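# Summary of the model geometry
Here are the chains, one letter per residue:
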Amino acid sequence: MTENRPAMPQTGRHNLDPHLDRYAARTAGMTASEIRALFAVASRPEVVSLAGGMPNLAALPLDTLSAQVGEIIAEEGLVALQYGSAHGVPALRDQICEIMALEGIKAHPDDVVVTVGSQMGLDMVTRLFCDPGDVVIAEGPSYVGALGSFSAYQANVVHVAMDENGLVPEGLREALRQAEKAGQRVKFLYTIPNFHNPAGVTLSVERRPEIVEICREHGVLIIEDNPYGLLGFDGQAYPALRSLDPDNVVYLGSFSKTFASGLRVGWVLAPHAVREKLVLAAESATLCPPTFNQMIVSRYLATHDWKGQIKKFRENYRERRDAMLSALQQYLPPGCSWTNPDGGFYVWVTVPEGVDTKAMLPRAVTARVAYASGTGFYADGFGSRQMRLSYCYPTPERIREGVRRLAAVLESEMDLSRTFGSVKARTIPGPETPSPDTV
């Protein structure tokens, strides 16, 4: 031991993080995704990224918004730039209730808690309800950011299958029966009923009451995550699960997909008793959501034709969806299949046996196209034959070119599999941390 330097344990291994032994046990599930690792490469202009869920904001009225931001500073700057309530700006909570009414929700502004994006709301709900070892039921696949939160609080995720009509009720019943038989505590069902991320499917209107009733029978809370609900290409707004059972559904909403993701304004609508605890959790997490950002959203909703703006977004995304589906049909080799979304941002693709989309991803980026591999959307290592393709951000021309490049990589992988046989890739169970290119 040299002077002023502690001796290193003679284990033959060198730990680069001197704080490793100090971390909480729950940090063990915090792992980076392959998309995050490749983000710097995939974001280069020559790479067509079909990986990210970034909204296309080109249709926003930036001149009008710029003027409104100046007005807020000039007229209400001393309020906008000050601390606020953890509950959220009252005017915005009133407007949020008007928005949710489009989906049949009858809500009181007092039961709305404004959050720093709906991800914060999801994290707080998990924090309030989940102890280590508790079970969360989620669709398979499921949103990677949700899986990250569940893992961080050491909850165990049980996936339930979906089909073209969304979550399968009998699969949910069986998962709950098995959990009860094993003596496990199921805390809630986490579901994205509309234009699912990543699967792109929508829970049918006929199944919604059945799903609600199953959860009520088993005493299981429902967490309804609905960032895409107003982005249906035919303009239809589906009835929210919350509208069917207000006392047993916590609803998560966001302005990230229908206005501006960078403002990070979302909300939670919860039963009254849960609302009280959410406000306390919000105070401990952020003290208060940014008042300025909330006032920008509120002024936009009060002075702009926000419904007309959402219609423009829907038309924009429908054009891109059509370009992607056409390109998939034209270029992808036989044996591939994909979902046909009626709204939202994503198509879920299944590739032939013998192809591992996670292993293929670096080679795809070398061919100047990126996607999100399926394993990141499962908590149990599944998804190696799936990939999520996002059509929301690139132009239709870039989408077609990206799919063409992806098809060439996929053909090459299939040739290798036919020549040498498929090789089972090593999978590490557990969700993968979201990044700006995967949310």
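This is a predicted model, so every value here is computed, not measured.

The next subject is the overall build of the protein. The number of helices and strands found in the protein is 15 helices and 14 strands. Going through the 439 residues of the protein one by one, you find that 54% of them count as buried. Partitioning the intrachain contacts of the protein with sequence separation of at least 6 by distance along the chain shows that 77% fall at a separation of at least 24. Accessible surface, the protein as shown: approximately 19900 Å² in total, 54% of it carbon and sulfur.

With that settled, consider the environment of Gly253. Its place among the elements puts Gly253 in strand 8 (residues 249-254). Owing to a relative accessible area of 1%, Gly253 belongs among the buried residues under this scheme. Residues in contact with Gly253, not counting those within four places in the same chain, are Ser118, Gly266 and Trp267.

So, about the side chain of Ser390. Looking at the secondary structure, you find Ser390 in strand 14 (residues 386-390). Taking relative accessible area as the criterion, Ser390 reaches 1% and is therefore assigned buried. Only 2.5 Å separates the side chain of Ser390 from the backbone oxygen of Gly52, close enough to count as a polar contact. The contact partners of Ser390, leaving out residues within four places of it in the chain, are Leu50, Ala51, Gly52, Gly53, Met324, Phe345 and Tyr346.

Moving on, we come to the nonpolar core. With 71 residues, the main nonpolar core has Leu92, Met100, Phe255, Phe259, Leu328 and Leu389 as its most contacted residues. With 8 residues, the top contributor of residues to this core is helix 13 (residues 306-331). Leu122, Phe150, Val250 and Tyr378 belong to the second-largest nonpolar core, a separate cluster that totals 38 residues.

Our next topic: the side chain of Thr202. Along the polypeptide, Thr202 turns up in the loop between strand 6 (186-191) and helix 8 (207-217). On the accessibility criterion, Thr202 (11% relative accessible area) is buried. Of the polar contacts made by the side chain of Thr202, one reaches the backbone nitrogen of Phe195; its length is 3.1 Å.

What follows covers the pairing of strand 4 (residues 156-163). Where strand 3 (residues 135-140) lies against strand 4, 6 bridges are found, and the strand directions are parallel. What sits directly across from Gly140, in strand 4, is Ala161. The loop that links strand 4 with its antiparallel partner strand 5 (residues 166-167) comprises 2 residues.

Below, the discussion takes up the pattern of salt bridges. Considering all chains together, one arrives at 24 salt bridges under this definition. In this structure, the salt-bridge partner of Glu71 is Arg299, at a minimum N-O distance of 3.1 Å. Here Glu71 is found in helix 3 (residues 62-80), whereas its partner Arg299 is found in helix 12 (residues 291-303), with 228 residues between them in sequence. The class of Glu71 is partly exposed, set by a relative accessible area of 34%. Two residues, Lys187 and Asp134, come together in a salt bridge whose shortest N-O distance is 2.6 Å. One end of the pair, Lys187, is in strand 6; the other, Asp134, is in the loop between helix 5 (117-129) and strand 3, and 53 residues separate them in sequence. What makes Lys187 buried here is its relative accessible area of 18%.

This paragraph deals with unusual backbone geometry. Looking along the chain, the bond that leaves Gly140 and enters Pro141 is cis, with omega of 10°. Looking at where Pro141 falls in the secondary structure, it is placed in the loop between strand 3 and helix 6 (144-152). Here the phi dihedral of Gln154 falls at roughly 60°; this positive angle occurs in a residue that is not glycine. Inspection of the secondary structure puts Gln154 in the loop between helix 6 and strand 4. A relative accessible area of 30% means that Gln154 is categorised as partly exposed.

Let's shift gears to the sheet that holds strand 14. Within a sheet, adjacent strands bond to each other through the backbone by hydrogen bonds, running parallel or antiparallel. Taking strand neighbours across the sheet as the criterion, the 4 strands line up as 10-11-14-13 in an open arrangement whose pairing is antiparallel. Only two strands of the sheet have a single neighbouring strand rather than two, namely strand 10 (337-338) and strand 13 (372-373). Relative to strand 11 (residues 346-350), strand 10 runs antiparallel, the two being bridged by 2 bridges. The residue of strand 11 that forms the bridge with Ser337 is Thr350.

What follows deals with the packing of aromatic side chains. Inspection of the entire model under this criterion finds 12 aromatic pairs. Measuring from centroid to centroid gives 6.0 Å for Phe195 and Tyr238, while their planes differ by 70°, and the two rings are edge-to-face. With a gap of 43 residues between them, Phe195 in the loop between strand 6 and helix 8 and Tyr238 in the loop between strand 7 (221-225) and helix 9 (241-244) connect regions that are remote in the sequence. Like Phe195, the residue Tyr238 is buried in the burial classification. Aromatic ring contacts, followed pair by pair, group Tyr228, Phe313, Tyr317, Phe345 and Tyr346 into a single cluster.

A few words on the sheet that holds strand 8. In space, the 8 strands of this open sheet follow the order 2-9-8-7-6-3-4-5, with mixed pairing throughout. Of all strands in the sheet, those bounded by a partner on one side alone are strand 2 (112-115) and strand 5. Against the sheet, helix 4 (residues 90-100) contacts strand 2, strand 8 and strand 9 (266-269), and its axis sits at roughly 105° relative to strand 2.

The subject of this paragraph is helix 15 (residues 396-420). Taking 1.5 Å per residue, 25 residues should reach 36 Å; helix 15 reaches 36 Å between its end C-alpha atoms and fits that length. Taken as a whole, helix 15 has its buried residues at Pro396, Ile399, Gly402, Val403, Arg405, Leu406, Ala407, Val409, Leu410, Glu413, Met414 and Ser417. Of the surrounding elements, those touching the buried residues of helix 15 are strand 1 (48-49), helix 13, helix 14 (357-366), strand 12 (369-370) and strand 14.

Within the sequence span of helix 8, burial applies to Arg207, Arg208, Ile211, Val212, Ile214 and Cys215. Along the axis of helix 8, the buried positions cluster into a sector of 160°, meaning they face one direction only. Buried residues along helix 8 sit against strand 4, strand 5, helix 7 (169-181), strand 6, strand 7 and helix 9. One or two positions beyond helix 8, positive phi appears at Gly219, with a value near 65°.

Cut-offs and rules
- Residues numbered from 1 in each chain as written.
- Predicted model: local features only at pLDDT ≥ 70, side-chain atom pairs only at ≥ 80, totals over all residues.
- Heavy atoms only, no water.
- Helix = DSSP H or I, 4+ residues; strand = E, 2+ residues; numbered from the N terminus.
- Buried < 20%, exposed > 50% of the residue type's maximum accessible area, 1.4 Å probe, protein only.
- Contact = heavy atoms within 4.5 Å.
- Areas by Shrake-Rupley, 256 points an atom, 1.4 Å probe, with all protein chains shown as cover.
- Polar contact = N/O pair within 3.5 Å; in protein donor to acceptor, adjacent residues only side chain to side chain.
- Core = buried A, V, L, I, M, F, W, Y, C linked by side-chain atoms within 4.5 Å.
- Pairing = 2+ DSSP bridges.
- Salt bridge = Lys/Arg side-chain N within 4 Å of Asp/Glu carboxyl O.
- Phe/Tyr/Trp six-rings, centres within 6.5 Å; stacked < 30°, edge-to-face > 60°.
- Axes fitted to C-alpha atoms, helices over the stretch in contact; angles between N-to-C directions.
- Expected span 1.5 Å × (residues − 1).
- Arc of directions from axis to C-beta.

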